[in-house]
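Residue strings, one per chain:
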Amino acid sequence: MTELETAMSMIIDVFARYSGAEGSKQSLTKGELKTLMEKELPGFLQSGRDKDTVDKLLKDLDANGDAEVDFNEFIVFVAALTSACHKYFQA
């Protein structure tokens, strides 16, 4: 596999690892999203400092209003975060 194919596979695997623990395997609940962020993006959540971060993120990502983040909504988040990191490191 190419590097890009490997990266895509890893994103799919990470989503699958956290989805379904509380509900559907096709989406992340608020709790699953929080766990994913704590383990996979530990620098993004500042524990205790901003209790509303996951609530706000879920609301912003949840394009269809079902109170969960499906894979397409998750990919928008990953792409936006990747773009922000790219801009930051180019400055």
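Residues numbered from 1 in each chain as written. Predicted model: local features only at pLDDT ≥ 70, side-chain atom pairs only at ≥ 80, totals over all residues. Heavy atoms only, no water.

Colleague: Break down the environment of L58 for me, with residues and values.
Modeller: Structurally, L58 is set in helix α3 (residues 53-61). Here L58 falls in the buried class, since its relative accessible area comes to 10%. When residues no more than four places from it in sequence are discounted, the contact partners of L58 are K30, L33, A67, E68 and V69. (Helix = DSSP H or I, 4+ residues; strand = E, 2+ residues; numbered from the N terminus. Buried < 20%, exposed > 50% of the residue type's maximum accessible area, 1.4 Å probe, protein only. Contact = heavy atoms within 4.5 Å.)

Colleague: Give me the pattern of salt bridges: which residues, what numbers.
Modeller: In the structure shown here, the tally under the stated rule is 3 salt bridges. Here R17 makes a salt bridge to E40, at a shortest N to O gap of 3.1 Å. Of this pair, R17 sits in helix α1 (residues 3-18) while E40 is found in helix α2 (residues 30-40), placing the two residues 23 residues apart along the sequence. Taking the relative accessible area as the measure of exposure, R17 reaches 52% and is therefore exposed. (Salt bridge = Lys/Arg side-chain N within 4 Å of Asp/Glu carboxyl O.)

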